[in-house]
Amino acid sequence: MGASSGPRLSGMQKQVLALYRGFLRAARSKSPEDRHRIESFVLAEFCCNSKLVDLKNFLYIEYPIRRGKKQLEQINSPATLGLSSLNLRFSENQKP
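Visitor: Please set out helix 3 (residues 58-76) residue by residue, giving values where relevant.
Guide: Every α-helical turn comprises 3.6 residues, leaving residues that sit three or four positions apart pointing alike. An ideal rise of 1.5 Å per residue puts 27 Å on 19 residues; helix 3 measures up with 27 Å between its terminal C-alpha atoms. Listed as buried for helix 3 are I61, P64, I65, G68, L72 and I75. Looking straight down helix 3, one finds its buried side chains confined to an arc of 105 degrees; they lie on one side. Residues of helix 3 that are exposed and point over 90 degrees away from its buried face: L59, K70, E73 and Q74.

In structure tokens, the structure reads:
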């Protein structure tokens, strides 16, 4: 294969892409229903983080990468059957 004509990726960009691909690979080993749920969740998380995170804030970006690696290890575990998430939203009048 020849070299890609696209821009060169930084080390952190390569980590993010590898993490994304890892989640998609892990989803293939689950049931079709769980696979769809995992793929949807991962896509939503990566899209949300790509829009909300300052691309030059490397210290902050490292945290979601570490968290994602831990989540990927859990999903790859044979004991893990599926994926669930918890979203808490508070209005300005409510306190957590």
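There's more to say after this.
Visitor: I'd like to hear about the pattern of salt bridges, residue by residue, with values.
Guide: Enumeration over the complete set of coordinates arrives at 4 salt bridges. For the salt bridge of R37 with E33, the shortest nitrogen-to-oxygen distance reads 2.9 Å. Placement of the pair is R37 and E33 together in helix 2 (residues 32-52), with a separation of 4 residues, close to one helical turn. We classify R37 as partly exposed; its relative accessible area is 38%. Notably, a salt bridge pairs E45 with R67, separated by 3.6 Å at the nearest N-O pair. Here the residue E45 occupies a position in helix 2, and R67 occupies one in helix 3, the gap between them amounting to 22 residues.

Visitor: Let's hear about the packing of helix 1 (residues 11-28) against helix 3: which residues, and what values?
Guide: For the pair helix 1 and helix 3, interaxial distance at closest approach is 10 Å and the crossing angle is 20 degrees. Comparing their axes, helix 3 and helix 1 come out roughly parallel. Considering only the axes of helix 1 and helix 3, their crossing is left-handed. Residue-level contacts link M12, Q15, V16, L19, G22, F23 and A26 of helix 1 to F58, I61, E62, I65, G68, K69, Q71, L72, I75 and N76 of helix 3. For the contact of helix 1 with helix 3, the per-class residue count stands at 10 nonpolar, 5 polar and 2 charged.

Visitor: Please provide a residue-by-residue account of the side chain of D34, values included.
Guide: Secondary-structure assignment places D34 in helix 2. Among the polar contacts listed, one links the side chain of D34 to the side chain of R37, at a separation of 3.0 Å.

Visitor: Lay out the side chain of K30 with the relevant residues and their values.
Guide: Relative to the helices and strands, K30 is located in the loop between helix 1 and helix 2. Comment: no salt bridge for buried K30; closest opposite-charge side chain is D34, at 7.4 Å. Polar contacts involving the side chain of K30 include one to the main-chain carbonyl oxygen of I75, which spans 2.9 Å.

Visitor: Quick rundown of the nonpolar core? Include the residues and the values.
Guide: In terms of nonpolar packing, the biggest core is built from 8 residues, these being L19, F23, A26, A27, I38, V42, L72 and I75. Looking at this core, the elements that each hand over two or more residues are helix 1, helix 2 and helix 3. Here the element with the most residues in this core is helix 1; it accounts for 4 residues. In contact with L72, other than residues within four places in its own chain, are L19, G22, F23 and A26.

Reading the values: rules and limits
- Residues numbered from 1 in each chain as written.
- Predicted model: local features only at pLDDT ≥ 70, side-chain atom pairs only at ≥ 80, totals over all residues.
- Heavy atoms only, no water.
- Helix = DSSP H or I, 4+ residues; strand = E, 2+ residues; numbered from the N terminus.
- Expected span 1.5 Å × (residues − 1).
- Buried < 20%, exposed > 50% of the residue type's maximum accessible area, 1.4 Å probe, protein only.
- Arc of directions from axis to C-beta.
- Salt bridge = Lys/Arg side-chain N within 4 Å of Asp/Glu carboxyl O.
- Axes fitted to C-alpha atoms, helices over the stretch in contact; angles between N-to-C directions.
- Parallel < 35°, antiparallel > 145°, perpendicular 65-115°, else oblique.
- Left-handed = near helix turned anticlockwise from the far one by under 90°.
- Contact = heavy atoms within 4.5 Å.
- Nonpolar A, V, L, I, M, F, W, Y, C, P; charged D, E, K, R; others polar.
- Polar contact = N/O pair within 3.5 Å; in protein donor to acceptor, adjacent residues only side chain to side chain.
- Lys, Arg positive; Asp, Glu negative; His and termini not counted.
- Core = buried A, V, L, I, M, F, W, Y, C linked by side-chain atoms within 4.5 Å.

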